[in-house]
Amino acid sequence: MILERASMNNLSSKEKRKHGSVRIPYDFFECRVPDRFPLVPLHWHNEFELNYIVSGRSEFTCGEDKFTADAGDIILIPPNTLHALYPYKGDKQVYNTLVFRTELLGIGKEERCGISCMEPIINGNREVIVPISKEHKAYEEMQRCIEQIFDCVKENTAIADLHMKSELLRFLWLLEENSCIVTVKNQDERQMESIRETLVFINLNYREAISIEQLAGMAHLSKSYFMYRFKKMVGVSAMEYIIQLRIKLACEMLRNSPAPSLEIAFACGFQNLSNFNRQFKKYVGYTPKQYRGMVTVKPEG
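In this convention, every chain numbers its residues from 1, walking through the sequence in written order. At least 70 in pLDDT is required for a residue's local features to be given in this predicted model, at least 80 for side-chain atom pairs to be given and counted, and no such filter applies to totals for whole chains, interfaces and linings, which use all residues. Hydrogens and waters are ignored; side-chain quantities use all the structure's heavy atoms.

Quick look at the pattern of salt bridges now. Salt bridge, as used here: a side-chain nitrogen of Lys or Arg that lies within 4 Å of a carboxyl oxygen of Asp or Glu. Under the criterion given, the structure shown has seven salt bridges. Of the charged contacts in the structure, one is a salt bridge between Lys223 and Glu213, with a shortest N-O distance of 2.9 Å. With Lys223 in helix α6 (residues 223-234) and Glu213 in helix α5 (residues 212-219), this residue pair connects regions lying 10 residues apart in the sequence. Classification of Lys223 as partly exposed rests on a relative accessible area of 40%. Helix numbering and strand numbering both begin at the N terminus, where a helix is a DSSP run of H or I of at least 4 residues and a strand a DSSP run of E of at least 2. Buried, partly exposed and exposed residues are distinguished by accessible area as a fraction of the type maximum, computed with a 1.4 Å probe on protein chains only: under 20%, between the cut-offs, and over 50%, respectively.

If you want it as structure tokens, here you go:
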């Protein structure tokens with residue numbers, strides 16, 4: 001489900017990272033889950049995100065779509081779309097990600113292709129069907145585009161950027177030509193807004209004690225219906241989403257702070273060390289001590 005664009009600037013789950021620059025309007029990431037990070041909690045940003053799964057499986061949430069991503073899958077996420085990634089039953093996944101600004105495409109807002117094709121995707125009136133898998137009739141042609149795009153990114157030259165632009169435009173054309181971009185159905189905007197408000201609250205207060213009753217009251221929904229709507233929109237329950245944010249913060253603190261686990265547990269919103277250790281092991285696959293030992297670079301000599 002794509003959130004209303006007019007209200008997106010108020011959503012604190014917006015990713016704070018600035019992607020690319022005026023000179024190079026994109027960023028490239030080789031992502032490994034859970035080796036480099038245990039999960040990617042729900043977030044959004046102003047840029048397009050193109051993912052190409054190299055190996056392994058994971059669970060993707062992209063707007064209202066929730067699916068298992070397998071090796072070879074292609075996933076294009078439009079700007080301002082809520083998305084997340086979770087490990088799949090202990091499996092590991094490697095995938096390439098290109099996050100790029102819309103200006104990289106070089107399509108003027110007054111051009112008819114910009115007005116009819118690109119602007120509706122950017123403002124949420126049209127969405128991309130994801131994932132593009134090997135069974136798709138145009139997959140081989142799209143895959144060639146994607147491989148060329150990431151080869152150009154890795155080459156990292158001005159001429160390669162020019163080639164990459166042409167392949168991105170060709171990929172978008174292939175999506176249009178094969179009916180992979182469709183008009184978004186009408187959504188119940190009032191209920192979307194109520195869940196959005198709870199997301200804002202959670203992202204600002206997840207270090208504190210938060211109850212389902214409190215969130216349901218904010219959304220003006222019964223407890224049971226709130227839980228249903230939240231999971232339908234976000235992909236996980238409200239409490240699981242809170243735990244994921246706390247675990248993400250704990251990983252950052254374990255990497256960058258010498259503070260003991262007990263102190264980190266309380267700083268991240270956990271009420272006791274045993275629950276922190278249990279939840280950390282569940283999501284990361286290691287104890288906090290083991291994780292810190294893996295990610296901390298020991299000084300030489």
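The next point concerns the packing of α5 against α6. Two elements in contact, α5 and α6, have axes whose closest approach is 9 Å; the angle formed by their N-to-C orientations is 85°. It follows from the interaxial angle that α5 and α6 lie roughly perpendicular. In this structure, α5 uses Ile212, Glu213, Leu215, Ala216 and Ala219 to contact α6, whose residues at the interface are Lys223, Phe226 and Met227. Each residue is assigned to one class: nonpolar for Ala, Val, Leu, Ile, Met, Phe, Trp, Tyr, Cys and Pro, charged for Asp, Glu, Lys and Arg, and polar for all the others, Gly among them. Split by residue class, the contact of α5 with α6 holds six nonpolar, no polar and two charged. Helix axes are fitted only over the stretch in contact, all axes being lines through C-alpha atoms; the angle between N-to-C directions runs from 0 to 180 degrees. Reported orientations rely on four angle classes, namely roughly parallel under 35 degrees, roughly antiparallel over 145, roughly perpendicular from 65 to 115, and oblique for the rest. Throughout, a contact is declared for two residues whenever any of their heavy atoms are within 4.5 Å.

A few words now on the pairing of strand β4 (residues 58-62). Summarising burial for β4: four of the five residues are buried, a large majority. Two strands pair when backbone bridges link them, and β4 and strand β5 (residues 65-69) are joined in this way by five bridges, in the antiparallel orientation. Looking at β5, one finds that Ser58 is bridged to Ala69. Sheet analysis places β4 next to strand β7 (residues 83-87), joined by five bridges and oriented antiparallel. Within the sheet, the bridge partner assigned to Ser58 lies in β7 and is Pro87. Between any two strands, pairing holds if DSSP finds at least two bridges.

The interhelical angle for the contact between helix α2 (residues 139-155) and helix α3 (residues 158-177), taken along N-to-C directions, is 155°, at an axis separation of 9 Å. When the axes of α2 and α3 are compared, the pair comes out roughly antiparallel. Handedness of the crossing formed by α2 with α3: left-handed. Here Glu141, Met142, Cys145, Ile146, Gln148, Ile149, Cys152, Val153 and Glu155 of α2 lie close against α3, whose contacting residues are Ala160, His163, Met164, Glu167, Leu168, Arg170, Phe171, Leu174 and Leu175. Residue composition of the contact of α2 with α3, by class: 12 nonpolar, two polar and four charged. By definition, turning the near helix anticlockwise from the far helix through less than a right angle yields a left-handed crossing, and turning it clockwise yields a right-handed one.

Our next topic: a nonpolar patch on the surface. On the surface, a nonpolar cluster with roughly 260 Å² of combined accessible area is contributed by Leu262, Phe266 and Leu273. Within the fold, Leu262 resides in helix α8 (residues 261-267). Each patch is built from residues lacking any salt bridge and having more than 30% relative accessible area; the joining distance is 9 Å for like charges and 5 Å for nonpolar side chains (Val, Leu, Ile, Met, Phe, Trp, Tyr). Here, Shrake-Rupley sampling with a 1.4 Å probe gives the accessible areas, and only protein chains in the shown set may cover a residue.

Next up on the list: the environment of Phe60. Here Phe60 lies in strand β4. The residues touching Phe60, leaving out its near neighbours within four places in the chain, are Asn51, Ile53, Asp65, Lys66, Phe67, Ala69, Ile75, Ala84, Leu85 and Gln93.

Listed as buried for helix α1 (residues 112-122) are Gly114, Met118, Pro120 and Ile121. Tucked into the core, α1 has its buried residues touching β3 (48-56), β9 (126-128), α3 and β10 (181-183). Immediately downstream of α1, the backbone of Gly124 shows phi near 90°, a positive value.

Now for the sheet that holds strand β6 (residues 74-77). Pairing is antiparallel across the open sheet formed by four strands, whose spatial order is β1-β8-β3-β6. Taken across any chain shown, the strands that pair with only one partner, and hence form the sheet edges, are β1 (26-33) and β6. Neighbouring strand axes in the sheet, compared pairwise and without regard to direction, differ in orientation by 20° on average. Relative to β6, β3 runs antiparallel, the two sharing four bridges. The residue bridging Tyr52 from the neighbouring strand is Ile74, located in β6. This element, α2, spans β1, β3, β6 and β8 (93-100) of the sheet and lies at about 100° to β3.

Turning to the packing of aromatic side chains, a few remarks are in order. Aromatic rings from Phe, Tyr and Trp, with only the six-membered ring used for Trp, were paired whenever their centres fell within 6.5 Å, and each pair was classed as stacked if the ring planes differed by under 30 degrees, edge-to-face if by over 60, and tilted otherwise. For the coordinates displayed, the defined rule picks out 10 aromatic pairs. Centre to centre, the rings of Phe226 and Phe230 are 5.7 Å apart; their planes meet at 50°, and the pair counts as tilted. Taken together, the positions of Phe226 and Phe230, both in helix α6 and four residues apart, correspond to about one turn of that helix. Through pairs of rings, three or more aromatic residues link up here, namely Phe270, Phe276, Phe280 and Tyr291. The side chain of Arg57 reaches across the aromatic face of Tyr88, ending 4.6 Å from its centre. Whether a charge lies above a ring is judged from NZ of Lys or CZ of Arg, which has to be within 6 Å of the ring centre and within 35 degrees of the ring normal.

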